[in-house]
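Breakdown of the fold
Residue-level listing of the chains:
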Amino acid sequence: MAKDTFLSRNKIKIPLITKSVKKNSIWVISLLMIVFLIFNFFMTLQINSYFKDTIDARLLHEIEHVKSAISIEEDSLRITHPDEFKEADMVTVTENSFFLQIFDVSHNLVFRSKNLDNYESIPRKKIAFEGEYHFFDCNIKYAGLRTICAKLIDSKGQFKGCAQLSTPKIKMNEVIEKIIFFNLSTLPIVTFLFALISVFFIKRTLNPINKIINVANEISATNISKRITYEAENTDELGRLKQTLNDLFDRLESQIDEIAHFSDNASHQLMTPLTVMNTELDFILKNEHTPDEYKESLMVVEFQTKRMIHIVKALLILARDCEICATSKNVFNFSALVEDDISKIYTDQKVSFDVDKNIYLLGESDYFKMVIENIIGNALKYSNNEEVFLSGKISGDRVKIKVEDKGIGIPDEEKDKVFGRFYRGSRSVKDGIKGYGLGLSIARLVVEKMNGKIYILDNTPQGSVFIIDLPLVNLV
Ligand code: ADP
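I will try to describe carefully the structure that is included in this document. Source: prediction; values computed, not measured.

1. With respect to the overall build of the protein
A tally of helices and strands in the protein yields ten helices and 14 strands. Taken over the C-alpha trace, the protein has a radius of gyration of 51 Å; the compact-globule value for 476 residues is 23 Å, which it surpasses by more than 25%. Across its three principal axes, the protein shows a C-alpha extent of roughly 155 × 60 × 35 Å. Long-range pairs, those at least 24 residues apart, make up 61% of the contacts in the protein between residues at least 6 apart in sequence.

The following block contains the structure:
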């Protein structure tokens, strides 16, 4: 199979700002906007409270002057220093004016500053309060006012009225309005800047991922041995992504190699019978032959055809990974299979059987029969038709099937390798014993799909013991 068919390069045109950049940017912008608005809200509150404190300090200072200019007698309030109330800020109306109103004990207005003549009167707040002073905000037609109300107490501690001093909050409101206006008018620019910043940083963050994607795209089947070399700590996300992709490429490479190796071997195995058949057919077609010669050639062709069918069947099982062996819900009686079928195949050979009754196994009996036939066939082949012994014993909820021979044996270092596809043992190659190296790989595939194990031990004094360990199906 051509390697290029496994992976193909990604040719999709990537937009400058991808969907994920957009999505993440929207999140970041929204977050930054929320932070920006919260910050402005608290800043406005802070400025508001700063201005209030400043105004309150001024009002407090002024009210002290006012109080010092009033004499509180038994039943009356008398202004002793009228000059105090003739200062410009109590006469004119400016943004720094003070509006003074003095009320007696019955809340009757007894004095108001000159600037109130040109202005509307300020409501008297008739609320009881603890202590000497009380601050409050009130709105009149044209402005918001900050007001201080100071109790007027005589020498005996009796409440005799109150002095109420107000000043416009124009400056304070102006500043706050300006801040709000500034914020609102700069909002589009701020949003735009936030968008630029977030797109820039998100793109910067995603940049290494893009680099990794580009290298991964470059790793097509023809240069599958290339790896991502991006420098990153193994503990961070990019390092882990790099490692995961490199591991994936390792697995793909080894699978591609395995498939390539499998195809090479499969073609090679099929080539041998095809070449023999071709030579034989050439020979028949070129000249006239005797009927015996024709018969002999046709027998060669038939033998090679059977050989090919055998190879193709084996290849099909391996290529399909014997899925049915794993999914099968069939239960078969192995004891009966041996007695009625397998034992009948070897009546001419020295194969003996000792199998417990009622060994039930889960799986496809045809495939399992093929496995047993392969192992017995090998046992005979590699022992030059010496005695072979098959036993099947139940042990608890498991079954152990053993095939023992007195053949050439298998060296320890090859005991696992012989189950590999197309693997042929060194002794069989040396002794020139023919084979395809597929029988045991099919045996392991089928047994493992049936949830079993297959392994090899040495026989004494010589030969091999093949052991298949499988779960027993208990029908009772
Ligand atoms: P094949 O027999 O066609 O070569 P197998 O997959 O059945 O392929 O076996 C793989 C290899 O395992 C054989 O080439 C042989 O070297 C070794 N082998 C298998 N069975 C035996 C056995 N009973 N005794 C010795 N060697 C064996």
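2. Structural notes on the pattern of salt bridges
For the structure shown, the criterion picks out 22 salt bridges. In this structure, Asp137 and Lys52 form a salt bridge, with 3.3 Å as the shortest nitrogen-oxygen distance. Taken together, the residues Asp137 in strand β5 (residues 133–139) and Lys52 in helix α1 (residues 19–68) connect sequence positions 85 residues apart. The exposure class of Lys52 is partly exposed, given its relative accessible area of 24%. Among the ionic pairs, Glu302 bridges to Lys306, the shortest N-O distance being 3.7 Å. Note that Glu302 and Lys306 are positioned in helix α5 (residues 291–319) at a spacing of four residues, about one turn of the helix. Salt bridges linked by common partners bring Lys52, Asp56, Asp137, Arg146 and Lys169 together as one network.

3. Some thoughts on the state of the cysteines
For the structure on display, the rule yields one disulfide. The disulfide partner of Cys322 is Cys325, and the gap between their sulfur atoms is 1.8 Å. For the pair shown, Cys322 and Cys325 are each scored as buried. Lacking any disulfide linkage, Cys149 is separated from the closest cysteine sulfur, that of Cys162, by 3.8 Å. Residue Cys149 is classed as buried on the basis of its relative accessible area, which comes to 1%. Under the relative-accessibility criterion, Cys162 is labelled buried at 2%.

4. A look at the packing of aromatic side chains
With the rule as written, the count across this model stands at eight aromatic pairs. Aromatic side chains Phe41 and Phe42 sit 5.4 Å apart centroid to centroid with 75° between the ring planes, which places their arrangement in the edge-to-face category. Seen from their ring centres, Phe334 and Phe368 are 5.6 Å apart, and the 75° between their planes marks the pair as edge-to-face. Within this pair, whereas Phe334 is found in helix α7 (residues 334–345), its partner Phe368 is found in helix α8 (residues 365–381), the two being separated by 34 residues in sequence. Members of the aromatic cluster, joined through ring pairs, are Phe332, Phe334 and Phe368. Above the ring of Phe262, the side-chain terminus of Arg421 is found at 5.2 Å from the ring centroid.

5. Regarding the sheet that holds β5
Strands in a sheet are paired, the pairing made by backbone hydrogen bonds, and the direction either parallel or antiparallel. Strand order in the open sheet formed by five strands is β4-β3-β7-β6-β5, and the pairing between neighbours is antiparallel. Of all the strands in the sheet, the pair left with one neighbour each is β4 (109–112) and β5. Strand-to-strand twist across the sheet, computed as the mean angle between neighbouring axes with direction ignored, equals 20°. Across three bridges, the pairing between strand β3 (residues 99–104) and β4 is antiparallel. Among the inter-strand pairings, Phe103 is bridged to a residue of β4, identified as Leu109. Where α1 meets the sheet, its contacts fall on β3, β5, β6 (144–153) and β7 (159–168), and the angle it forms with β6 comes to roughly 35°.

6. Points about the nonpolar core
By size, the foremost hydrophobic cluster in this structure holds 49 residues, and its most contacted members are Phe334, Leu361, Phe368, Ile372, Ile376 and Ile468. Take this core: its biggest share by element is seven residues, from α8. Residues in contact with Phe368, not counting those within four places in the same chain, are Phe332, Phe334, Leu361, Ile401, Val447, Met450, Ile468 and Leu470. Core analysis: the next-biggest nonpolar cluster, separate from the first, contains 22 residues, Ile70, Ile148, Ala150 and Leu165 among them.

7. As for the pairing of β6
The buried fraction of β6 amounts to eight of the ten residues, a majority that puts the element mostly inside the structure. Sheet topology places β5 next to β6; seven bridges connect them, and they run antiparallel. If you follow Phe135 over to β6, its bridge partner there is Ile148. Judged from the nine bridges that link them, β6 and β7 form a sheet pairing that is antiparallel. Across the sheet, the residue bridging to Leu152 is Gly161, located in β7.

8. Some details on the site of the ligand
Every one of the 21 residues lining the ligand counts as a neighbour, but Asn378, Tyr382, Arg424, Tyr436 and Leu440 are closest to it. In the model, an oxygen atom of the ligand is placed 3.2 Å from a nitrogen or oxygen of the Lys381 side chain. Residue Ser428 places a side-chain N or O atom 2.8 Å away from an oxygen atom belonging to the ligand. Here the ligand has 530 Å² of accessible area as a free molecule, and 97% of this is covered by the chains. When residues of the shell around the ligand are assigned to their parent elements, the largest contribution, three residues, is made by α8. Tallied by class, the residues present in the shell around the ligand amount to ten nonpolar, eight polar and three charged.

Conventions used here
- Residues numbered from 1 in each chain as written.
- Predicted model: local features only at pLDDT ≥ 70, side-chain atom pairs only at ≥ 80, totals over all residues.
- Heavy atoms only, no water.
- Helix = DSSP H or I, 4+ residues; strand = E, 2+ residues; numbered from the N terminus.
- Rg over C-alpha atoms; globule rule 2.2 N^0.38 Å.
- Contact = heavy atoms within 4.5 Å.
- Salt bridge = Lys/Arg side-chain N within 4 Å of Asp/Glu carboxyl O.
- Buried < 20%, exposed > 50% of the residue type's maximum accessible area, 1.4 Å probe, protein only.
- Disulfide = S-S within 2.5 Å.
- Phe/Tyr/Trp six-rings, centres within 6.5 Å; stacked < 30°, edge-to-face > 60°.
- Lys NZ or Arg CZ within 6 Å of the ring centre and 35° of its normal.
- Pairing = 2+ DSSP bridges.
- Axes fitted to C-alpha atoms, helices over the stretch in contact; angles between N-to-C directions.
- Core = buried A, V, L, I, M, F, W, Y, C linked by side-chain atoms within 4.5 Å.
- Near = heavy atom within 4 Å.
- Polar contact = N/O pair within 3.5 Å; in protein donor to acceptor, adjacent residues only side chain to side chain.
- Areas by Shrake-Rupley, 256 points an atom, 1.4 Å probe, with all protein chains shown as cover.
- Nonpolar A, V, L, I, M, F, W, Y, C, P; charged D, E, K, R; others polar.

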